[in-house]
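# Coordinate analysis (summary)
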Amino acid sequence: MRRFFHPAHMSAGLIAVVVGYTSSAAIIFQAASAVGATPAQIGSWLWALGIGMGVTSAGLAWWHKTPVLTAWSTPGAALLVTALAGVSMGEAVGAFLFASALAVLCGVTGWFDTLMQKVPKAIAAAMLAGVLLRFGLGAFTALPAQPWLVGGMLLGFLLLRRHTPRFAVPLTLLIGLALAAVQGLIHLEKLTVSLAQPVWMAPEFSWSALIGVGLPLFVVTMASQNMPGVAVLRANGYTLPVSPLVGWTGLAGVLLAPFGGFSFNLAAITAAICMSPDADPDPAQRYRASIWAGLFYIATGMLGATVVGLFSALPQALILAIAGLALLGTIGNGLASALEHPGERDAALMTFVVTASGMSLFGIGSAFWGLVLGLLTALLQRRG
């Protein structure tokens, strides 16, 4: 029992949740508002998303003894902000159900696992490094705005990495909180505590919503979220079948869509935090960090908008700094694995550069296009 309450596991799980909420919770509010959601319905969306991510993360991590982590589809939420204009709440829920049902189909048939087995390890590692690069850079782009806060965290992290590497990230977070409090950068004045309540939103089905919202939501989630999520697993040496994971996240979406759970998928950025050596030097024990993340997700779901307000009370520079520092080791491992073999180096570099660019084409993010161009480069080199 003492091993389960290890500070490194708990802090990795907490940082993953903090990064997940602070990086994209505002988009959820925008997406819900686009469909005319009431405050109670917005609270239900946050409840459903927190419960869904929490149960699937903790359950899958415990069952597979692997640091699997799930998330809501951030690109999917961004898509909904514009796609839901003129769509009723019932039609939106019907589209959510349709997209999640397609994910269940991919999981049951094994199509997704078959596809991902064709991706070379070097390209998967390069895509992981490209996805995470902007978060690593964020720790330093935040430095000019808050030099004392971020500089203090960076100095503390470097010293702690030398003397107590396993606890460097959680202790750096504590240093950041202390520095932010001393500088008066934490604002809790308007924070109110309230529990979110699930609200049933009956689904309605229309061809326009299914094709215009549901199908793009499915494609964006699979291409921009699940593929990088699998890349994180593979790059860190975890080779369990992924189609069942996709199927379970799809089932969670089917069950929770009527309450606002629009989409669930494998996480990439936050999962990398739980798979880092800072979470545990032993890769076989890192799944405990994902279980803790799942428990924190459930708590955030129960508290709903209160937790989003709490994260908003923290300085953005602190969030950027701790996320970047927590991911430095994972970025380094990804680059080392991607560039290890000279014969795969061009394809890996193409994947890394395109993914890191953050470009979007036809509504699909850079991770998918990095994968496509990397595979194309590898194919042309083999033919040559």
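The structure under discussion appears in the preceding block.
Residues numbered from 1 in each chain as written. Predicted model: local features only at pLDDT ≥ 70, side-chain atom pairs only at ≥ 80, totals over all residues. Heavy atoms only, no water.

Another point: the overall build of the chain. Looking only at helices and strands, the chain features 16 helices and 2 strands. For a compact globule of 384 residues, the expected C-alpha radius of gyration is about 21 Å, and the chain comes in at 20 Å, within 12% of that figure. Expressed as lengths along the three principal axes of its C-alpha atoms, the size of the chain is roughly 65 × 60 × 45 Å. Taking as baseline every contact in the chain between residues at least 6 positions apart, the subset at least 24 positions apart corresponds to 84%. Here the chain displays about 16000 Å² of accessible surface, and carbon together with sulfur accounts for 70% of that area. (Helix = DSSP H or I, 4+ residues; strand = E, 2+ residues; numbered from the N terminus. Rg over C-alpha atoms; globule rule 2.2 N^0.38 Å. Contact = heavy atoms within 4.5 Å. Areas by Shrake-Rupley, 256 points an atom, 1.4 Å probe, with all protein chains shown as cover.)

Here helix α15 (residues 345–357) contains 13 residues, and its C-alpha end-to-end distance of 18 Å stays within 8% of the 18 Å for a straight helix at 1.5 Å per residue. Of the positions making up α15, those classed as buried are Ala 347, Ala 348, Thr 351, Phe 352, Val 354 and Thr 355. (Expected span 1.5 Å × (residues − 1). Buried < 20%, exposed > 50% of the residue type's maximum accessible area, 1.4 Å probe, protein only.)

Another point: a nonpolar patch on the surface. A cluster of nonpolar side chains, namely Met 350, Val 372, Leu 373, Leu 376, Leu 379 and Leu 380, defines an oily patch on the protein surface of about 470 Å² accessible area. Broken down by element, the residue count for the nonpolar patch peaks at 5 residues, all from helix α16 (residues 366–383). By secondary structure assignment, the location of Leu 376 is in helix α16. Residue classification places Leu 376 among the partly exposed residues on the basis of a relative accessible area of 40%. (Patch = residues over 30% accessible without salt bridge, like charges linked within 9 Å, V, L, I, M, F, W, Y side chains within 5 Å. Salt bridge = Lys/Arg side-chain N within 4 Å of Asp/Glu carboxyl O.)

In this section: the side chain of Arg 286. Position of Arg 286 among the secondary structure elements: in the loop between α11 (269–274) and α12 (287–303). In this structure Arg 286 is buried but unpaired, with Asp 280 as the nearest side chain of opposite charge at 5.8 Å. Setting aside its immediate chain neighbours within four residues, Arg 286 contacts Pro 67, Tyr 238, Cys 274, Met 275, Ser 276, Pro 277, Asp 280 and Pro 281. (Lys, Arg positive; Asp, Glu negative; His and termini not counted.)

With that out of the way, let us pick up the nonpolar core. Residues Trp 45 and Phe 262 are the most contacted members of the largest nonpolar core, which totals 122 residues. Looking at this core, the element that brings in the most residues is helix α9 (residues 207–235), giving 12 residues. Each residue touching Phe 262, except ones within four places of it in the same chain, is listed here: Ile 28, Trp 45, Leu 49, Trp 72, Ser 73, Gly 76, Ala 77, Leu 80, Phe 96, Ser 100 and Leu 217. (Core = buried A, V, L, I, M, F, W, Y, C linked by side-chain atoms within 4.5 Å.)

With respect to the helices and strands, the residue Met 127 is situated in helix α6 (residues 121–141). Along the chain, Met 127 and Ala 348 lie 221 residues apart, while their C-alpha atoms are 7.9 Å from each other. When residues no more than four places from it in sequence are discounted, the contact partners of Met 127 are Met 227, Pro 228, Ala 231, Thr 351, Thr 355, Ala 367 and Leu 371.

Here α6 crosses helix α14 (residues 316–338) at 155 degrees, and the two axes come no closer than 7 Å. Our classification of the angle between α6 and α14 gives roughly antiparallel. At the point where α6 passes α14, the crossing takes the left-handed sense. Here Lys 121, Ala 122, Ala 125, Ala 126, Leu 128, Ala 129, Leu 132, Leu 133, Phe 135, Gly 136, Gly 138 and Ala 139 of α6 lie close against α14, whose contacting residues are Leu 320, Ala 321, Ala 323, Gly 324, Leu 325, Leu 327, Thr 330, Ile 331, Gly 334, Leu 335, Ser 337 and Ala 338. (Axes fitted to C-alpha atoms, helices over the stretch in contact; angles between N-to-C directions. Parallel < 35°, antiparallel > 145°, perpendicular 65-115°, else oblique. Left-handed = near helix turned anticlockwise from the far one by under 90°.)

The next thing to look at is the packing of α6 against α15. At a closest axis distance of 8 Å, the pairing of α6 and α15 adopts a crossing angle of 25 degrees. As summarised for this structure, α6 and α15 are arranged roughly parallel, according to the angle between their axes. For the crossing formed where α6 meets α15, the hand is right-handed. Between α6, through Ala 122, Ile 123, Ala 126, Met 127, Ala 129, Gly 130, Val 131 and Leu 133, and α15, the contact on the second element is made entirely by Ala 347, Ala 348, Thr 351, Phe 352, Thr 355 and Ala 356. In terms of residue class, the contact of α6 with α15 is built from 11 nonpolar, 3 polar and no charged. (Nonpolar A, V, L, I, M, F, W, Y, C, P; charged D, E, K, R; others polar.)

What follows deals with unusual backbone geometry. Generally, phi is negative for residues other than glycine and the peptide bonds are trans, each holding for most cases. Although it is not a glycine, Lys 65 sits at a positive phi angle of roughly 50 degrees. Position of Lys 65 relative to the elements: it lies in the loop between α2 (39–64) and β1 (70–72).

This part covers helix α10 (residues 243–256). An ideal rise of 1.5 Å per residue puts 20 Å on 14 residues; α10 measures up with 20 Å between its terminal C-alpha atoms. Ser 243, Leu 245, Val 246, Gly 247, Thr 249, Gly 250, Ala 252, Gly 253 and Leu 256 are the residues of α10 that are buried.

Turning to its location among the elements, Leu 318 is positioned in helix α14. Distance in space between the C-alpha atoms of Leu 318 and Ala 180 is 7.8 Å, their sequence separation being 138 residues. The contacts of Leu 318, once residues within four sequence positions are left out, are Leu 149, Met 153, Leu 173, Gly 176, Leu 177 and Ala 180.

Turning to the side chain of Thr 249, a few remarks are in order. By the element assignment, Thr 249 lies in helix α10. Thr 249 has contacts with Thr 70, Phe 264 and Asn 265, leaving out every residue within four places of it along the chain.

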